[in-house]
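As a plain string of letters, each chain reads:
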Amino acid sequence: MTTEGEWGIGAVDLDAYLARVGQPRRAPSESALTDLTRAHVAAVPFENVDVVLGQHQGISLDVVSAKLVGRRRGGYCYEQSGLFAAVLERLGYTVHRLSARVQPRRPGPYTHMTVVVDVDGRSFLADVGFGAGIIDPMPLADGREVDQAGWLHRIEENDGWWTLQKGDEDILEFRLNEMHPIDYEVYHHYTSTHPKSPFTGRLVIMTIEPGVSRKLLGRELTVEKPDGGGETTTVAPDELDATLKDLGIELTADELERLKLVY
């Protein structure tokens, strides 16, 4: 298990987090991990508002806890998975913090933070920070398939490389190489500041629940269903506040006005 000293997991108020996601304190088990993963994804939206506003305060656990738990906001992978990993360790799980490439058929960098958890003699991919796409832990077993909110996902292993697939699409690729805090600091700096980062130039907000996925990308709100149904609508600036609240994000009046200027 990763030491508290390296990751500073003592900065997390465990009781406040559990209240945030509506879960009791339970001993480590596959069942408890599944319930906690589902609860986190349901309660904490994936969002990059602070990056777009140029006001991101960093990914240290004290900052992330104050934002996601204290202010009941969402965040992106370093915030979500960093917080979740610390919570799991505080509860007694063994956690492996890894880096991954999203959409590996494209030439993007390995900047995504993902988490593998050991419990009950097995390992599970528990990626709460993957764009609100995974609601159940994926057993780390070659060829294993899991229904994720209505979308079938499959995980495969080849020579130490693990690939997560959604339908016919490869969506995540990683190895079981442990990362350190400085690795994510570097990734976060690129992701939150580089002009070619997918998170600096437009809103990226995602939520998922059984049977429906919602994504606000820029000004386009897309509602998707597992059967291929859904619709895409344009969100006008005067609709932004209500749309954000519907997605679980409530901004201050000042943040909302500044976001409208760049929206």
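Scroll up to find the structure.
A short tour of the structure in this document, coming up. As the structure is a prediction and not an experimental result, all values here were calculated from the model. (Residues numbered from 1 in each chain as written. Predicted model: local features only at pLDDT ≥ 70, side-chain atom pairs only at ≥ 80, totals over all residues. Heavy atoms only, no water.)

### Digging into the nonpolar core
- With 50 residues, the main nonpolar core has Tyr-17, Leu-36 and Tyr-93 as its most contacted residues.
- Where this core is concerned, the elements lending two or more residues are helix 2 (14–21), helix 3 (30–43), helix 5 (61–70), helix 6 (77–91), strand 2 (112–119), helix 7 (181–193) and strand 9 (204–209).
- Of all the elements, helix 6 adds the most residues to this core, at 9 residues.
- Judged by nonpolar contacts, the second largest core, of 16 residues, contains Val-52, Leu-216, Leu-244 and Leu-256. (Core = buried A, V, L, I, M, F, W, Y, C linked by side-chain atoms within 4.5 Å. Buried < 20%, exposed > 50% of the residue type's maximum accessible area, 1.4 Å probe, protein only. Helix = DSSP H or I, 4+ residues; strand = E, 2+ residues; numbered from the N terminus.)

### Let's talk about the sheet that holds strand 1 (residues 94–102)
- Pairing is antiparallel across the open sheet formed by 8 strands, whose spatial order is 4-3-2-1-8-7-6-5. Only two strands of the sheet have a single neighbouring strand rather than two, namely strand 4 (138–139) and strand 5 (144–148).
- Sheet analysis places strand 3 (residues 122–125) next to strand 4, joined by 2 bridges and oriented antiparallel. What sits directly across from Phe-124, in strand 4, is Pro-139.
- Here helix 7 sits on the sheet and contacts strand 1 and strand 2; the angle it forms with strand 1, its principal contact strand, is near 30°. (Pairing = 2+ DSSP bridges. Contact = heavy atoms within 4.5 Å. Axes fitted to C-alpha atoms, helices over the stretch in contact; angles between N-to-C directions.)

### Digging into the sheet that holds strand 12 (residues 230–234)
- Ordered by their spatial adjacency, 4 strands build an open sheet running 9-10-11-12, and the pairing between neighbours is antiparallel. Each having just a single partner strand, strand 9 and strand 12 make up the two edges of the open sheet. With strand direction ignored, the average angle separating the axes of adjacent strands in the sheet is 10°.
- Pairing between strand 10 (residues 212–217) and strand 11 (residues 220–224): 5 bridges, direction antiparallel. Paired with Ser-213 across the strands is Glu-224, a residue of strand 11.

### Some words on the pattern of salt bridges
- Counted according to the given criterion, the structure contains 18 salt bridges.
- The closest approach of N and O atoms between Arg-154 and Glu-156, which form a salt bridge, is 2.7 Å.
- On the accessibility criterion, Glu-156 (28% relative accessible area) is partly exposed.
- By sharing partners, the salt bridges in this structure join Glu-47, Asp-50, Lys-67, Arg-73 and Glu-79 into a single network. (Salt bridge = Lys/Arg side-chain N within 4 Å of Asp/Glu carboxyl O.)

### Description of helix 2
- Among the residues of helix 2, Leu-14, Tyr-17, Leu-18, Arg-20 and Val-21 are the ones counted as buried. All buried residues of helix 2 project into a common sector of 155° when viewed along the axis, lining one side. (Arc of directions from axis to C-beta.)

### A closer look at the packing of aromatic side chains
- By the definition in use, this model includes 7 aromatic pairs.
- Each ring, one from Phe-46 and one from Phe-199, has its centre 6.0 Å from the other, and the planes form 50°; the classification is tilted. In this pair, Phe-46 sits in the loop between helix 3 and helix 4 (49–53) while Phe-199 sits in the loop between helix 7 and strand 9, placing the two residues 153 residues apart along the sequence.
- Seen from their ring centres, Tyr-76 and Phe-199 are 5.4 Å apart, and the 90° between their planes marks the pair as edge-to-face. (Phe/Tyr/Trp six-rings, centres within 6.5 Å; stacked < 30°, edge-to-face > 60°.)

### Overview of the side chain of Gln-55
- Checked against the element boundaries, Gln-55 lands in the loop between helix 4 and helix 5.
- For Gln-55, the side chain forms a polar contact with the side chain of Asp-50, separated by 2.8 Å.
- Those residues in contact with Gln-55, other than ones at most four positions away along the chain, are Asp-50, Glu-255 and Arg-258. (Polar contact = N/O pair within 3.5 Å; in protein donor to acceptor, adjacent residues only side chain to side chain.)

### Re unusual backbone geometry
- Positioned with a positive phi, Gln-103 is a non-glycine residue whose angle comes to about 50°.
- By secondary structure assignment, the location of Gln-103 is in the loop between strand 1 and strand 2.
- Even without being glycine, Ala-132 reaches a positive phi, approximately 50°.
- Position of Ala-132 relative to the elements: it lies in the loop between strand 3 and strand 4.
- Residue class for Ala-132 comes out buried when judged on its relative accessible area of 7%.

All we've got here are geometric facts, nothing functional implied.
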